[in-house]
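Each chain is listed here by its residues.
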Amino acid sequence: VGHCHPDIVKAAHEQNQLLNTNSRYLHDNLVDYAERLSKTLPEKLCIFYFLNSGSEANDLALRLARQYTKHEDVIVLDHAYHGHLTSLIDISPYKFRNLEGQKEWVHVAPVPDTYRGLYREDHEDSVTAYADEVKNIIEHAHKRGRKIAAFFVESLPSVGGQIIPPAGYFQKVAEHVHKAGGVFIADEIQVGFGRVGKHFWAFQLQGEDFIPDIVTMGKPIGNGHPLACVATTEEIAEAFAATGIEYFNTFGGNPVSCATGLAVLDVIEKEHLQAHATEVGNFLMKILKEQQIKHPIIGDVRGCGLFIGVDLIK
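Residue positions are given per chain, counting from 1 as you read along its sequence in written order. Owing to the predicted nature of the model, reporting of local features is limited to residues with pLDDT of at least 70; listing and counting of side-chain atom pairs is limited to 80 or more, with chain, interface and lining totals taken over all residues. Calculation of side-chain values draws on the structure's entire complement of heavy atoms; hydrogens and water are dropped beforehand.

Within an unreviewed UniProt entry, the label attached to the chain reads AT2L2 lyase, and the organism entered is Daphoenositta chrysoptera. UniProt positions are given in the numbering used here, feature names are shortened, and annotations may be inferred rather than shown by experiment. The annotation that UniProt attaches to the chain under Cofactor (unreviewed entry) is "pyridoxal 5'-phosphate". Under Sequence similarities (unreviewed entry), UniProt gives the following word-for-word description of the chain: "Belongs to the class-III pyridoxal-phosphate-dependent aminotransferase family."

In structure tokens form, the structure reads like this:
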């Protein structure tokens, strides 16, 4: 919402003057913020865990998935990056390929890229073809006696090249993953909070009939303040709580973070930032496409709202 936005600075400052505590001490801001966030999401995603960073959120999502499914394996997209914790480096091909390599419980699916990928714009059904790649991975894993806990994906792959997955891809993948007893995790850390313009969450670009089992948030959520969140279903949260090891995060969901998060939501709404992202994004796409006609080095211009990629070729 902009560097040092006065409303954000004021909200954090005022709360700091009143009270900032370890989150074992209950505070209304936590509940107020959870309620506000819940209004942006499908009803099914109604349980919230607050944390300090996107990496913490993705690590918790992994734990939730494994506890709920009692499975270990994770399917990710090629070139993906999900965070800097050890657990997340393990599911980030962008990182692990330069380190110790791929763990046996990690499976890498091709990016659903219709410009450079396996199945391109001229393919008769790229959606099904890319989803079938995930289905094949699941079948191979089962033959080796392995079980899938989750398909872990950025709603719009960012490090992978600003990719816009074809609509319907997530639905088909979710079908295969659910059939295998796994859950679908949508990483919205880069692309959530209205960045895509048309929708508040990037996974909504896939269609109203698609709802992930777990959604992770970070980066823009606190406008630079350390804040993150995991949203999930009651069933998954109950399975996690059943271990008896309650989830606790010292400063995740503290009063100042929640006051900041509430102010961010206020500004997005008050200043019509979703409409702004659409308008500026459309303008950028238009002038970039004009450049594409002039310059053969520009192979592709793609994007949605303020998530835009210019693919340069030789």
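Visitor: What am I meant to see in the overall build of the chain here?
Guide: The helix and strand inventory of the chain stands at 10 helices and 9 strands. In this setup the radius of gyration rests on C-alpha atoms only. A globule is expected at 2.2 Å times the number of residues raised to 0.38. For the chain, whose C-alpha radius of gyration is 20 Å, the value lies close to the compact-globule estimate of 20 Å for 314 residues. Between buried and exposed lies partly exposed: a residue is buried under 20% and exposed over 50% of the maximum accessible area for its type, with that area taken using a 1.4 Å probe on protein chains only. When each of the 314 residues of the chain is scored for burial, the buried share is 52%. Only heavy atoms enter the contact rule, under which two residues are in contact if any of them lie within 4.5 Å. Counting only contacts in the chain whose residues sit at least 6 apart along the sequence, the fraction spanning at least 24 positions is 72%. Note on areas: Shrake-Rupley, 1.4 Å probe, and residue coverage restricted to the protein chains presented here. Total accessible area on the chain stands at roughly 15,100 Å², and carbon and sulfur atoms take up 52% of it. Taken together, the 29 basic and 40 acidic charged side chains of the chain have centroids lying 5 Å from each other. Helix numbers and strand numbers start at the N terminus; a helix is a DSSP run of H or I with at least 4 residues, a strand a run of E with at least 2. The charge count includes Lys and Arg as positive and Asp and Glu as negative, but it does not include His or the ends of the chains. Here the site of a charge means NZ on Lys, CZ on Arg, CG on Asp, or CD on Glu.

Visitor: How do you make sense of the packing of helix 2 (residues 28–38) against helix 9 (residues 255–270) when you look at a structure like this?
Guide: Relative placement of two packed helices is described by the angle separating their axes and the distance separating the axes. Viewed as axis vectors pointing N to C, helix 2 and helix 9 meet at an angle of 30°, and their least axial separation amounts to 9 Å. With respect to the hand of their crossing, helix 2 and helix 9 are arranged in left-handed fashion. Within the contact between the two elements, helix 2 uses Asn-29, Leu-30, Asp-32, Tyr-33, Arg-36 and Leu-37 and helix 9 uses Pro-255, Cys-258, Ala-259, Gly-261, Leu-262, Leu-265, Asp-266 and Glu-269. Here the contact of helix 2 with helix 9 is composed, by residue class, of 8 nonpolar, 2 polar and 4 charged. An axis is simply a line fitted to the C-alpha atoms; with a helix, the fit covers only the stretch in contact. Between two such axes, the angle follows the N-to-C directions and lies from 0 to 180 degrees. When the near helix sits turned anticlockwise from the far one by under a right angle, the crossing is termed left-handed; a clockwise turn instead gives a right-handed crossing. Under the grouping applied here, Gly and all other residues not named as nonpolar or charged are polar, the nonpolar ones being Ala, Val, Leu, Ile, Met, Phe, Trp, Tyr, Cys and Pro and the charged ones Asp, Glu, Lys and Arg.

Visitor: Please clarify how the sheet that holds strand 3 (residues 106–109) should be interpreted in this entry.
Guide: Working definition: the strands of a sheet are paired by backbone hydrogen bonds and lie parallel or antiparallel to each other. Here the rule is simple: two strands pair whenever DSSP picks up at least two bridges between them. Pairing in this open sheet of 7 strands is mixed, and the strands run 1-7-6-5-4-2-3 from one edge to the other. Only two strands of the sheet have a single partner each, and these edge strands are strand 1 (47–51) and strand 3. For this sheet, the mean angle separating the axes of adjacent strands, direction not counted, is 20°. As paired elements, strand 6 (residues 214–217) and strand 7 (residues 228–232) share 4 bridges and run antiparallel to each other. Looking at the pairing, Thr-216 lines up with Val-230 of strand 7. Strands strand 1, strand 2 (73–77), strand 4 (148–154), strand 5 (183–187), strand 6 and strand 7 of the sheet are contacted by helix 3 (residues 54–69), whose axis makes an angle of about 165° with strand 6.

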